[in-house]
Amino acid sequence: MFRFRDKEMADKIVQKLREMDLQITLMHVCGTHQDTLVRHGLQPLLEDVGVDIRQGPGCPVCVTTAKEIEESIALAKAGKTITVFGDMIKVPGVEESLSDAKTEGHDVRIVYGVNDAVDLADKISNEVVFIGVGFETTTPSIAVAVSRRPPKNFSLLSCHRVIPPALKAIVEMGEVRLDGLIEPGHVSTIIGSRPYEFLSEEHGIPQVIAGFEPLDLLMGVYMLAKQKEEGNARVDIEYRRVVKPEGNPTAIKVMDEVFDPADVKWRGFPTIPASGLVLSDAYQEYDARQRFEDDLAELEGKEFKEPKGCRCGEVLRGVIRSEECPLFAKTCTPTNPIGPCMVSAEGSCSILYKYSKHAEAK
Amino acid sequence: MCLAIPAKVLEISGDVATVDFGGIKKEVDVSLTDAVVGQYVIVHAGFAIQVLDEEEARETLALFDQILGGNVA
Ligand code: SF4
């Protein structure tokens, strides 16, 4: 796979793009794409040939709302054992994070995957709550675990979200004029290319599903530029070695069985119709929100403000880039994050910080 | 979090496979794929989410080469 990093080929693609004399704005929705763009210095290279790329809402931890963080903290404080992906633990809630709750002595544990949480529930008698965060890449694994009917002391606080409705929202809000979308390779591994087609058909937007090596992204950009030049709007797949048009039918089936769509809020967005996932009727018994309704009652109907001065919302809508936030690398750093975009390894603020001079100077 | 990494399947027993991430061995759940021993799978959060198609990888590189009109690949 190393040839997907071939420097000579990369130069050739950039040269092709230069010859096309472009002035386009693209959006991707994936932290791993952002990492590739920044780590390999592709962003300035592309800017130089007239291609501006924004991240958009492609960071599951970042789009998780303050209310969901507060729910997790409330359950930790009510004595449940909280199991969570490492990226979530430092995200600031209103006053504190799950990491702070852990320091105060509450039982918060980082897990690598949902199976670790199920195994833990097997071993201990306390209630084990898994904080389910993630897009379609992650959700099938959670669905498999739930469909196997885990122990009765296991439950799920679903914060899962799906990508296509968010793309629809971005396009319809029209804050950024987009010439093309780079769709996330691993979400697409699961859902395939078809769920994106309506965006090309109804909104005339060229799309490409791209992989994560530098050549994948550069070629993805080239394929979009070509579509635009030729007046086309369709969904191309660049990441063919992993993505099939039909996706992964086994994964889709188990997700459909275990989850139902729900209207949910995303950080920085209003409620987006059918963009969230709740457990279906057959699996309600594993729903932490129902099981611990009393512990969570206090949070119902409350308003949660965004951290003061934090512009994550605009970053997530692709309206600004991280460097445009006045707090970036000043009051907001990975050791003292103000918003989730500086916490998650997929947040564009944290990615920019990691590869920037600020990090070296430390 | 959508980071997913290719690993080679060494052994399969039921839903669990031992895979090799460039020297590091781990057990992953392969129930979402029809992976067989010897193939590469894309692994995310302890689950294989797809089999990597090596033939398609070669074809993609050949296609890049054709588009770029060189003999780089
Ligand atoms: S730099 Fe910090 S404060 Fe600014 S948008 Fe990013 S996370 Fe929020």
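Please read these numbers as outputs of a predicted model, since none were measured by experiment.

Draft legend 1. Spotlight on the sheet that holds strand β6 (residues 154-158) of chain A. Residue and element names in this part refer to chain A. In space, the 4 strands of this open sheet follow the order β4-β3-β5-β6, with parallel pairing throughout. Across the chains shown, the open sheet's two edge strands, defined by having one partner strand only, are β4 (108-110) and β6. Neighbouring strand axes in the sheet, compared pairwise and without regard to direction, differ in orientation by 25° on average. Pairing between strand β5 (residues 128-132) and β6: 5 bridges, direction parallel. Following the sheet pairing, Phe-130 is matched in β6 by Leu-156. Across the sheet, helix α7 (residues 114-123) touches β3 (81-84), β4, β5 and β6, and the angle it forms with β5 is around 170°.

Draft legend 2. Examining the layout of surface pockets more closely. The computed volume of the largest pocket comes to approximately 1,300 Å³. Taken together, 42 residues line the largest pocket, and the ones lying closest to its centre are Thr-32 of chain A together with Leu-3, Ala-4, Ile-5 and Pro-6 of chain B. Among the secondary structure elements, those contributing two or more residues to the lining of the largest pocket are α2 (31-39) and α17 (348-355) of chain A together with β1 (5-13), β2 (16-21) and β4 (40-44) of chain B. The element best represented in the lining of the largest pocket is α2 of chain A, accounting for 5 residues. Residue classes in the lining of the largest pocket are distributed as 21 nonpolar, 8 polar and 13 charged. Within this model, the second largest pocket holds a volume of roughly 530 Å³. Taken together, 26 residues form the lining of the second largest pocket, with Thr-65, Lys-67, Glu-68, Glu-71 and Lys-265 of chain A sitting closest to its centre. Looking at the lining of the second largest pocket, the elements that each hand over two or more residues are α5 (66-77), β10 (259-265), β11 (271-279) and α15 (293-296) of chain A. Residue classes in the lining of the second largest pocket are distributed as 9 nonpolar, 4 polar and 13 charged.

Draft legend 3. The arrangement of the state of the cysteines in detail. All names here are of chain A. Enumeration according to the criterion identifies 1 disulfide over all chains in this entry. Here Cys-59 connects covalently by a disulfide to Cys-62, the sulfurs 2.2 Å from one another. As the torsion about the S-S bond is roughly 65°, the Cys-59-Cys-62 disulfide counts as right-handed. Given a relative accessible area of 1%, Cys-59 falls into the buried group. Residue Cys-62 is classed as buried on the basis of its relative accessible area of 0%.

The rules behind each value
Residues numbered from 1 in each chain as written. Chains lettered and ligands numbered in written order. Predicted model: local features only at pLDDT ≥ 70, side-chain atom pairs only at ≥ 80, totals over all residues. Heavy atoms only, no water. Pairing = 2+ DSSP bridges. Helix = DSSP H or I, 4+ residues; strand = E, 2+ residues; numbered from the N terminus. Axes fitted to C-alpha atoms, helices over the stretch in contact; angles between N-to-C directions. Contact = heavy atoms within 4.5 Å. 1 Å grid on protein atoms, 1.4 Å probe; cavity = no way out; pocket = protein on both sides within 12 Å on 5 of 7 lines; lining within 4 Å. Points joined across faces, edges and corners; volume = space filled by probe spheres on them. Nonpolar A, V, L, I, M, F, W, Y, C, P; charged D, E, K, R; others polar. Disulfide = S-S within 2.5 Å. Buried < 20%, exposed > 50% of the residue type's maximum accessible area, 1.4 Å probe, protein only.

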